[in-house]
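Chain by chain, the residues run as shown.
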Amino acid sequence: MPAQERYHKLLHLAGKDDRLLGQTNRLIPLLLRQGKKRNALEVLRRCRERHPQYLPEQAEQIIDLAEAARSEREPKLALQLLAGFEQKWARSALLPEALFLSGRILCEDLRDDAKADGYFVKICESHASHARAAEAQRFRDVLARMATTTQMRTS
């Protein structure tokens, strides 16, 4: 694995963009399977320097990388990765997970409660039987209580 990561770095430095994409598509899944999310995120960043719109080919990989970006305190990168998820994988069983992660990032990391609530509403309405629906509703309840408390203080 270290040799493959070095090869990826060399392709990046040498400007071999076509090979870089192919190597990225092979390397990210390998790193994620080995639990090396931070390394996979580094590979993604490197590839996106040359191909800013690059996204992995599998829904699971996007969620794993978004979680890694969030844990590395890069919530905006995590949201960029998740941005087109709903359109591209509308029928995926992982859609509620992606929506929930987006909502949490907006709420907890970026303090955008209104946008976060929109994601939680989607989960509660469109994926009510999913395990994340109950958690999404709890977030909605907390956000509603916080909004009420804020309104009472400003009145």
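A brief structural summary. (Residues numbered from 1 in each chain as written. Predicted model: local features only at pLDDT ≥ 70, side-chain atom pairs only at ≥ 80, totals over all residues. Heavy atoms only, no water.)

1. Notes on helix H4 (residues 59–71)
Here is step 1: Under the 1.5 Å per step criterion, the end-to-end length of H4 is 19 Å for 13 residues, consistent within 8% with the ideal 18 Å.
Here is step 2: Three or more residues of H4 are buried, namely Ala-59, Gln-61, Ile-62, Ile-63, Leu-65, Ala-66, Ala-68, Ala-69 and Arg-70.
Here is step 3: Buried-residue contacts for H4 involve helix H2 (17–33), helix H3 (37–50), helix H5 (75–82), helix H6 (85–88) and helix H7 (95–109).
Here is step 4: Remark: Arg-73 follows H4 within two positions and exhibits a positive phi of approximately 60°. (Helix = DSSP H or I, 4+ residues; strand = E, 2+ residues; numbered from the N terminus. Expected span 1.5 Å × (residues − 1). Buried < 20%, exposed > 50% of the residue type's maximum accessible area, 1.4 Å probe, protein only. Contact = heavy atoms within 4.5 Å.)

2. A short note on the packing of aromatic side chains
The description of two aromatic rings rests on the distance between their centres and on the angle between their planes.
Here is step 1: Overall, the coordinates contain four aromatic pairs when judged by the stated rule.
Here is step 2: Ring centres of Phe-100 and Phe-120 lie 5.9 Å apart, and the angle between their planes is 55°; this geometry places the pair in the tilted category. With Phe-100 in helix H7 and Phe-120 in helix H8 (residues 113–126), this pair connects stretches of sequence that are 20 residues apart. One exposure class covers both Phe-100 and Phe-120, and it is buried.
Here is step 3: Judged by centre distance (5.7 Å) and plane angle (80°), the rings of Phe-100 and Phe-139 are edge-to-face. Of the two residues, Phe-100 sits in helix H7 while Phe-139 sits in helix H9 (residues 131–154), which places them 39 residues apart along the sequence. Comparing Phe-100 with Phe-139 shows no difference in burial state: the two are buried.
Here is step 4: A network of ring pairs unites the aromatic residues Phe-100, Phe-120 and Phe-139 as a single cluster.
Here is step 5: Positioned above the aromatic ring of Tyr-119, the side-chain terminus of Lys-122 is 5.4 Å from the ring centre. (Phe/Tyr/Trp six-rings, centres within 6.5 Å; stacked < 30°, edge-to-face > 60°. Lys NZ or Arg CZ within 6 Å of the ring centre and 35° of its normal.)

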